[in-house]
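# A closer look at the structure
Here are the chains, one letter per residue:
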Number of protein chains: 2
Amino acid sequence: MRVAIDAMGGDFGPSLVVPASVKALNEEASHLLFVGQRSEVIKHLDALESADRARCEFIEAPDIVEMSEHAATSVRKKPRSSMAIGLKLVEDGQADGFVSAGHSGAVMTGALAIIGRVPGVERPALVTVLPTLRGRSMLLDLGATTDPRPHYLVQYAIMAVTYSRLVMGVANPRVGLLSNGEERTKGNQLVQEVLPLLEAVPGMNFIGNVEAKELLRGDIEIFVTDGFTGNVALKSMEGAVSVLTDILREEVTRTPFRKALALLMRPALRQVRTRLDYEEIGGAPLLGVNGSVIVAHGRSRERAIANAVRVAARTAAQEIPAEIERAIRSASVAPSPPASSAGLPHA
Amino acid sequence: MRVAIDAMGGDFGPSLVVPASVKALNEEASHLLFVGQRSEVIKHLDALESADRARCEFIEAPDIVEMSEHAATSVRKKPRSSMAIGLKLVEDGQADGFVSAGHSGAVMTGALAIIGRVPGVERPALVTVLPTLRGRSMLLDLGATTDPRPHYLVQYAIMAVTYSRLVMGVANPRVGLLSNGEERTKGNQLVQEVLPLLEAVPGMNFIGNVEAKELLRGDIEIFVTDGFTGNVALKSMEGAVSVLTDILREEVTRTPFRKALALLMRPALRQVRTRLDYEEIGGAPLLGVNGSVIVAHGRSRERAIANAVRVAARTAAQEIPAEIERAIRSASVAPSPPASSAGLPHA
């Protein structure tokens, strides 16, 4: 598989993205296409060992989509950006997948415009794969569409079940609808409209409304929500883990005696960290786009970027878009009138 | 101050609520009025020491509002419930404040119907006070209104600033609008409509869109959001802290050597727990109701209930409703047409 990479995306730019992506080269991710500004990218490619260099290609893109740009228009306004050109490589069949650590909303809107949707899918969804007490869970949408219509969430669930079965190896994943309480009467207007729609999907292991405290428990494999709420839930958890870690560090180093204990305890604390480390997973699939498009966190460091590249290759190899098309069709979730009438998503 | 208590609310009922509330008796919370079923409550009152018993009163309420009932109608349908009667005591001036660990949506709707709003306030908001790296922060709304109109959030901010100044002692609290990114272009439709409204409030220390990872950092004192998102954010954090604690416990007791270390490390770990303990705070004010109404978490144990009772007494003593009325008036946030046309909130 040939994976195109937005070399300009992410907080650290090509100096991190190029060497990190190269670490992902394997049988599945056999070739990499780095898209970006010549002056920024080429020097990092030329610094590679020759065996790696031979499997990498440079594609010029003079423009950059900035994080502050409006998701709905940025890629359209910048057809020569690394994001637009990378997506075009997938659409033209020159690449099998695309990875970007740039503006996630822009990747989504750009992918929608350039690659298009899987037939039958109304709106792609951005997923995150979470580490849990046992196994992993998927949370979607993560911000691709901040104000979705009710039946979009039904399609999100079907797409996630497909991905969970084929990529994560979970035979019959449990699906929950994120809400402010488990009772049927809970939820905002969107949740109250989505609940009966999800209950009506044949063959889905849908367990109803679930609370956000379940996200990392590992009892539910798929959490469906709108992109705004999903983003807030994810960042709430990231923030809580980060603050708890800081407080822990402060307390276990408060006295010399505690410092000595903490040193001896280090292997255990490192294991805690590894078990909750998003870096170990890295890369969120944009499900519903008619190609393999993986969005990495803006703050992604080496391991997260490398994992995102591997996930892009695997998603392509498993032909996830075609599988999603089949799943949506067999669930016969009636598509709405032409998507063009739905307007562009909010950032 | 005389505080009425929903003796039937919460996961543990009167056997916990009665003795826990009595622990809160002090100069400010001088008298308690326990509202509930005679057969369930009176035995716990009669078990009290005589000095405490003399400051407690029993008020009969044969009905209970269940957690599964619809928030919008439950209190109205059950005028003889502990929740309805407790709120009535405040409205009639027989109590200065009310505490319930029952269905938070029902408390909100009931308080709205029985006590009514502070003049000028359109919709009350349920607050939680969060422990942070340094100091405390407030997050609102926590589920009182799951689908608010944009200007409700402006009033939430004004109410929280008032409470923060008078009860929490923060002179000029920073206010952030919870969003899926800091950029102005981020946010769902609600956030994009609220941002310019908050920017226009004179004298408010508004810092714009903020991400959920800031909630426990302590750099921002007030986070404003809709009730659905606030609830999801809070439970995401609670879940993450709980799972991280579980993983930590597993790892530090994996071997006999680690167990020994963990024993020596116990005081440090206990301090971590205390610093992040919601029990230390307990009780969320329902701001905007024309009386002191405090909602405790359904899972509240002794310390959280006692703190909620103290907060109810203090909120009454500080005359928070009157202060909010002044703040809303001087900010001249124009009220919409009569609230009756706005319909009842979603659960």
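Residues numbered from 1 in each chain as written. Chains lettered and ligands numbered in written order. Predicted model: local features only at pLDDT ≥ 70, side-chain atom pairs only at ≥ 80, totals over all residues.

## Points about helix 9 (residues 227–252) of chain B
Here helix 9 of chain B spans 37 Å end to end across 26 residues, near enough to the 38 Å set by a 1.5 Å rise per residue. Along helix 9 of chain B, 20 of the 26 residues are buried, which leaves the element largely enclosed by surrounding structure. (Helix = DSSP H or I, 4+ residues; strand = E, 2+ residues; numbered from the N terminus. Expected span 1.5 Å × (residues − 1). Buried ≥ 20, exposed ≤ 12 C-beta atoms within 10 Å, placed from the backbone.)

## Description of the environment of Leu-130 of chain A
All names here are of chain A. Tracing the chain through its elements places Leu-130 in strand 5 (residues 125–131). Put simply, Leu-130 and Leu-216 are 86 residues apart on the chain and 7.0 Å apart in space, counted from C-alpha to C-alpha. Ignoring sequence-local partners within four residues, the contact set of Leu-130 consists of Arg-136, Ser-137, Leu-139, Leu-215 and Leu-216. (Contact = placed C-beta atoms within 7 Å.)

## Notes on helix 5 (residues 82–91) of chain A
All names here are of chain A. With nine of 10 residues buried, helix 5 is to be regarded as a mostly interior element. Of all the positions in helix 5, only Ser-82, Met-83, Ala-84, Ile-85, Gly-86, Leu-87, Lys-88, Leu-89 and Val-90 are classed as buried. On the buried face of helix 5, the contacting elements are strand 1 (2–6), strand 2 (31–36), strand 3 (56–60), helix 4 (74–77), strand 4 (97–100) and helix 6 (104–114). Downstream of helix 5 by a residue or two, Gly-93 has a phi angle that is positive, lying close to 80°.

## Quick notes on the relation of the copies chain B and chain A
Aligned on chain A, chain B shows an RMSD of 0.1 Å; the corresponding rotation is 180° and the shift along the axis is 0.0 Å. Between the two chains, the operation in question is that of a two-fold axis. With an isologous cut-off of 70% or more, the 100% of interface residues of chain B that recur at the interface of chain A puts this contact in the isologous class. (Least-squares fit on C-alpha atoms with pLDDT ≥ 70 in both.)

## Let's talk about the sheet that holds strand 11 (residues 292–295) of chain A
All names here are of chain A. Strand order in the open sheet formed by 11 strands is 3-2-1-4-11-10-5-6-9-7-8, with mixed pairing between adjacent strands. The two strands at the open ends of the sheet, each matched to only one other strand, are strand 3 and strand 8 (206–210). With direction set aside, neighbouring strand axes in the sheet form an average angle of 25°. Pairing between strand 6 (residues 136–140) and strand 9 (residues 222–224): three bridges, direction parallel. Bridge pairing in strand 9 places Leu-139 opposite Phe-223. Lying on the sheet, helix 7 (residues 150–166) is in contact with strand 5, strand 6, strand 7 (175–178), strand 9 and strand 10 (284–287); it crosses strand 9 at an angle near 165°. (Pairing = 2+ DSSP bridges. Axes fitted to C-alpha atoms, helices over the stretch in contact; angles between N-to-C directions.)

## Points about the packing of helix 7 of chain A against helix 12 (residues 320–331) of chain A
Packed helix pairs are characterised by how far apart their axes lie and by the angle those axes make with each other. All names here are of chain A. Where helix 7 contacts helix 12, the axes come no closer than 9 Å and their chain directions differ by 130°. The orientation of helix 7 with respect to helix 12, classified from their angle, is oblique. Here helix 7 and helix 12 pass one another in a crossing that is right-handed. Across from Gln-155, Ile-158, Met-159, Thr-162, Tyr-163 and Leu-166 in helix 7, the residues of helix 12 making contact are Ile-320, Glu-323, Ile-324, Ala-327, Ile-328 and Ala-331. For the contact of helix 7 with helix 12, the residue count by class is nine nonpolar, two polar and one charged. (Parallel < 35°, antiparallel > 145°, perpendicular 65-115°, else oblique. Left-handed = near helix turned anticlockwise from the far one by under 90°. Nonpolar A, V, L, I, M, F, W, Y, C, P; charged D, E, K, R; others polar.)

## Quick word on the confidence of the model for chain A
Residue and element names in this part refer to chain A. Looking at chain A as a whole, its pLDDT mean stands at 89, while 94% of the residues score no less than 70. Low pLDDT, under 50, characterises residues 336–347; the predicted model gives this stretch 20 contacts beyond four residues in sequence or across chains. Model confidence for the complex is summarised by a pTM of 0.83, with the ipTM given as 0.82. (pLDDT = per-residue confidence, 0-100.)

## Overview of the interface of chain B and chain A
With 55 residues of chain B at the interface, the matching set in chain A holds 55 residues. Elements represented by at least two residues in the side of chain B that touches chain A include exactly helix 8 (189–199), helix 9 and helix 10 (256–275) of chain B. The element contributing the most residues to the side of chain B that touches chain A is helix 9 of chain B, with 20 residues. The residue inventory of the side of chain B that touches chain A, partitioned by class, reads 24 nonpolar, 17 polar and 14 charged.

## Here we look at the pairing of strand 5 of chain A
Residue and element names in this part refer to chain A. Along strand 5, six of the seven residues are buried, which leaves the element largely enclosed by surrounding structure. Pairing analysis gives two bridges linking strand 5 to strand 10, with the strands arranged antiparallel. Bridge assignment links Ala-125 to a residue of strand 10, and that residue is Leu-287. Where strand 5 and strand 6 come together, five bridges link them in antiparallel fashion. Bridge pairing in strand 6 places Pro-131 opposite Arg-136. Hairpin remark: strand 5 followed by strand 6, antiparallel, with four residues in the connecting loop; positive phi at Gly-135, about 75°.

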